[in-house]
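# Observations on the three-dimensional arrangement
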Amino acid sequence: MLPDPYDRDCPTRQLLDRIGDQWTVLIVGVLGDGPLRFTEIGKRVAGISQKMLTQTLRALVRDGILARRMYAEIPPRVEYELTDLGRDLAEPLGVLTEWAKQHMDRVMAAREAYDQAAAAASR
């Protein structure tokens, strides 16, 4: 039997929450060009806190979407990169990112119209 994300007890719900998270989308996007160090990811994903970056990276490694590689150097160097599973995920996330960029003007216009209508109705 296939997993059913509409069933509240199905683990696919947790996975959909993970891959639908804004930080996951952005981290997978920046790692599409190749491995990066923690600080490089943080610089490219503007606005993410170190705590949230750490939590998201750990969760993505746990889910098999990212691989974490430590190098025996001084100072120690750690890089993150997409696994095969992560590269499979990067494709649909890239399509969603492109959709958002192409339709942002329409979304902004809809928001403005909604806000104006809401303001007019509350008077």
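So, here's what we can say about the structure.

Rules behind the numbers
- Residues numbered from 1 in each chain as written.
- Predicted model: local features only at pLDDT ≥ 70, side-chain atom pairs only at ≥ 80, totals over all residues.
- Heavy atoms only, no water.
- Core = buried A, V, L, I, M, F, W, Y, C linked by side-chain atoms within 4.5 Å.
- Buried < 20%, exposed > 50% of the residue type's maximum accessible area, 1.4 Å probe, protein only.
- Helix = DSSP H or I, 4+ residues; strand = E, 2+ residues; numbered from the N terminus.
- Contact = heavy atoms within 4.5 Å.
- Pairing = 2+ DSSP bridges.
- Axes fitted to C-alpha atoms, helices over the stretch in contact; angles between N-to-C directions.
- 1 Å grid on protein atoms, 1.4 Å probe; cavity = no way out; pocket = protein on both sides within 12 Å on 5 of 7 lines; lining within 4 Å.
- Points joined across faces, edges and corners; volume = space filled by probe spheres on them.
- Nonpolar A, V, L, I, M, F, W, Y, C, P; charged D, E, K, R; others polar.

The next subject is the nonpolar core. Ile27, Leu31, Ile41, Val45, Leu57, Ile65 and Leu66 are the most contacted members of the largest nonpolar core, which totals 20 residues. When residues of this core are traced back to their parent elements, those giving at least two are α2 (22-30), α4 (50-62), β3 (77-82) and α5 (84-121). Top element by residues in this core is α2. It accounts for four residues. Every residue in contact with Ile41, bar those within four places of it in the chain, is listed here: Ile27, Val30, Leu31, Leu36, Leu53, Leu57 and Tyr80.

Time to look at the side chain of Thr24. Here Thr24 lies in helix α2. Ignoring any residue separated from it by four or fewer positions in sequence, one finds Thr24 in contact with Arg18, Ile19, Thr56 and Leu60.

The pairing of strand β2 (residues 66-71) with β3 spans six bridges and is antiparallel. Bridged to Ala67 within β3 is Glu81. Taking the residues that link successive antiparallel strands as the turn, the β2-β3 hairpin has five residues.

This brings us to the sheet that holds strand β1 (residues 36-37). The strand order β1-β3-β2 describes an open sheet built from three strands, whose pairing is antiparallel. Bordering the open sheet on either side are β1 and β2, each of which pairs with just one other strand. On the sheet, α4 packs against β2 and β3 and is oriented at approximately 110° with respect to β2.

Attention now moves to the layout of surface pockets. Taken as a whole, the largest pocket holds about 220 Å³ of empty space. In terms of lining, the largest pocket is formed by Arg37, Phe38, Thr39, Thr54, Leu57, Arg58, Val61, Arg68, Pro76, Arg77, Val78 and Tyr80. If one sorts the elements of the lining of the largest pocket by residue count, α4 sits on top with four residues. Considering only residue class, the lining of the largest pocket consists of six nonpolar, two polar and four charged. Size it by volume and the second largest pocket reaches roughly 150 Å³. What lines the second largest pocket is Gln14, Leu15, Asp17, Arg18, Ala59, Arg62 and Asp63. Residue assignment for the lining of the second largest pocket shows that the elements contributing at least two residues are α1 (12-20) and α4. Broken down by class, the residue content of the lining of the second largest pocket amounts to two nonpolar, one polar and four charged.

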